[in-house]
Amino acid sequence: QLLGNEDHVKVELEKLKKSHDEQQQKLEERVLVLGKELQEAKGALGASRHRQAEQSAVLLTSQGQLQEVEAENSRLQLRLKELNEEYRSRLAQYVRDLAIYMDSKASSVTGHSKAPAGQAAMKSFVDSVLRDIRASYKSREEQLARAARGYKKRMKDLAKKHESLLIAYGLQRERLQSLGSSAMDCGPAELHFSITEPELLTNSARELNRLREQKAKLEMQLQELQKGLGLMSGRDPNELLCPRQLDEEGWAEVRKKLREFTLNTQEDLEQERSQLLTRAVVAEEQVLELQGYIEQHLAR
């Protein structure tokens, strides 16, 4: 029966060979198309990277120009303020000179008999107008000063509330870490949410930010140490993230490092604190001197 079906088998083999050749040709054509598409994608990727590099260079140049323009704008605003003050003083002096001239002119025309009645009338009027202008300027300056003080007070209150929230966030984060669940995301470190604006930072806030930075570094080192121990012991590194699963020797080493860090940094913090206190005393004395100078020379 097998020998009788030999022709049929040959026909089927020829069909399979032909089908295989067709599929092979289609696959080769598909590979060629994919190769062309890959080359086009590489070209587009290179062009996009080139454009990105050009845009980065333009961005850096624009940022530098923006800083220069901001500095020039600050200088121009200061110069404008100085010119405004000079113009105001000159205008007031010109008006006074004009009033004196008009009064002297009127007294010379009307004669000595009528001069005392209208003498210095223009000057007194001008002095009254100038007093009103100075009073309005002073009122406006006091209003702006009160608004600035209120704004600074609100910003300080917000900074204090933010600091309280940051402390509470740190406590909650430590509690979550103490639970030791590897699937639980404790969130970023407190340093990620710290205030970085120099105007809002006090001496204590700077010290806290420095301690938070040191704490974040220690946490990174502790995680790397735990991962290394996990790889050496052949266990899952996430299992070692739980403090309860650490052995006593590991915790003793961690406590030793923490004690060393505390002893090393305490002296630096004390020195920095003394320096900051000295600077604060000097700044207070300078502020008192400036306030006395302003009170003495403000009327002039």
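Residues numbered from 1 in each chain as written. Predicted model: local features only at pLDDT ≥ 70, side-chain atom pairs only at ≥ 80, totals over all residues. Heavy atoms only, no water.

A. The arrangement of the overall build of the protein chain in detail. Check the secondary structure of the protein chain and you find five helices and zero strands. When the helices and strands of the protein chain are read in sequence order from the N terminus, they spell out α-α-α-α-α. A fraction of 53% describes how many contacts in the protein chain between residues 6 or more apart in sequence connect residues 24 or more apart. (Helix = DSSP H or I, 4+ residues; strand = E, 2+ residues; numbered from the N terminus. Contact = heavy atoms within 4.5 Å.)

B. Spatial organisation of helix 3 (residues 121–179). When the terminal C-alpha atoms of helix 3 are compared, their 87 Å separation across 59 residues agrees well with the 87 Å that a helix rising 1.5 Å per residue should span. Among all positions in helix 3, only Val126, Asp127, Leu130, Ala159, Glu163, Leu166, Gly170 and Arg173 are buried. (Expected span 1.5 Å × (residues − 1). Buried < 20%, exposed > 50% of the residue type's maximum accessible area, 1.4 Å probe, protein only.)

C. How the structure looks around a nonpolar patch on the surface. Side chains of Leu98, Tyr101, Met102, Met122, Phe125, Val129, Ile133 and Tyr137 sit close together on the surface and give an oily, nonpolar patch of about 730 Å² of accessible area. Going through the elements one at a time, helix 1 (6–110) and helix 3 are the ones with two or more residues in the nonpolar patch. Of the residues forming the nonpolar patch, the biggest block, five residues, is contributed by helix 3. Within the secondary structure, Val129 sits in helix 3. Residue class for Val129 comes out partly exposed when judged on its relative accessible area of 32%. (Patch = residues over 30% accessible without salt bridge, like charges linked within 9 Å, V, L, I, M, F, W, Y side chains within 5 Å. Areas by Shrake-Rupley, 256 points an atom, 1.4 Å probe, with all protein chains shown as cover. Salt bridge = Lys/Arg side-chain N within 4 Å of Asp/Glu carboxyl O.)

D. Local environment of the UniProt feature "coiled-coil region" (unreviewed entry) in the protein chain. Under the UniProt annotation, the feature "coiled-coil region" (unreviewed entry) is placed at residues 59–93 and 201–228. Across residues 59–93, the secondary structure splits into 100% helix and 0% strand, with the terminal C-alpha atoms separated by 50 Å. (UniProt positions renumbered as here; feature names shortened; annotations may be inferred.)

E. Structural detail: the pattern of salt bridges. By the definition in use, this model includes six salt bridges. Residue Glu82 pairs with Arg79 through a salt bridge whose shortest N-O separation is 3.6 Å. You can see Glu82 and its partner Arg79 sitting in helix 1, three residues apart, about one turn around the helix. For Glu85, the salt bridge identified is with Arg88, shortest N-O distance 3.8 Å. Of the two residues, Glu85 and Arg88 are both situated in helix 1; the distance of three residues between them amounts to about one turn of the helix.

F. Geometry of the environment of Glu190. Looking at the element boundaries, Glu190 is found in the loop between helix 3 and helix 4 (203–233). Assessed through its relative accessible area of 8%, Glu190 is described here as buried. The sequence separation of Glu190 and Glu213 amounts to 23 residues, and the corresponding C-alpha distance is 8.7 Å. The contact partners of Glu190, leaving out residues within four places of it in the chain, are Leu166, Tyr169, Gly170, Arg173, Arg212 and Lys215.

G. View of the packing of aromatic side chains. Applying the stated rule across the entire model yields zero aromatic pairs. Over the aromatic face of Tyr137 sits the side chain of Arg88, whose NZ or CZ is 3.8 Å from the ring centroid. (Phe/Tyr/Trp six-rings, centres within 6.5 Å; stacked < 30°, edge-to-face > 60°. Lys NZ or Arg CZ within 6 Å of the ring centre and 35° of its normal.)

H. Expanded view of the side chain of Glu163. With respect to the secondary-structure elements, Glu163 resides in helix 3. For Glu163, a relative accessible area of 18% gives the class buried. Among all residues touching Glu163, those that are not within four sequence positions of it are Leu208 and Arg212.

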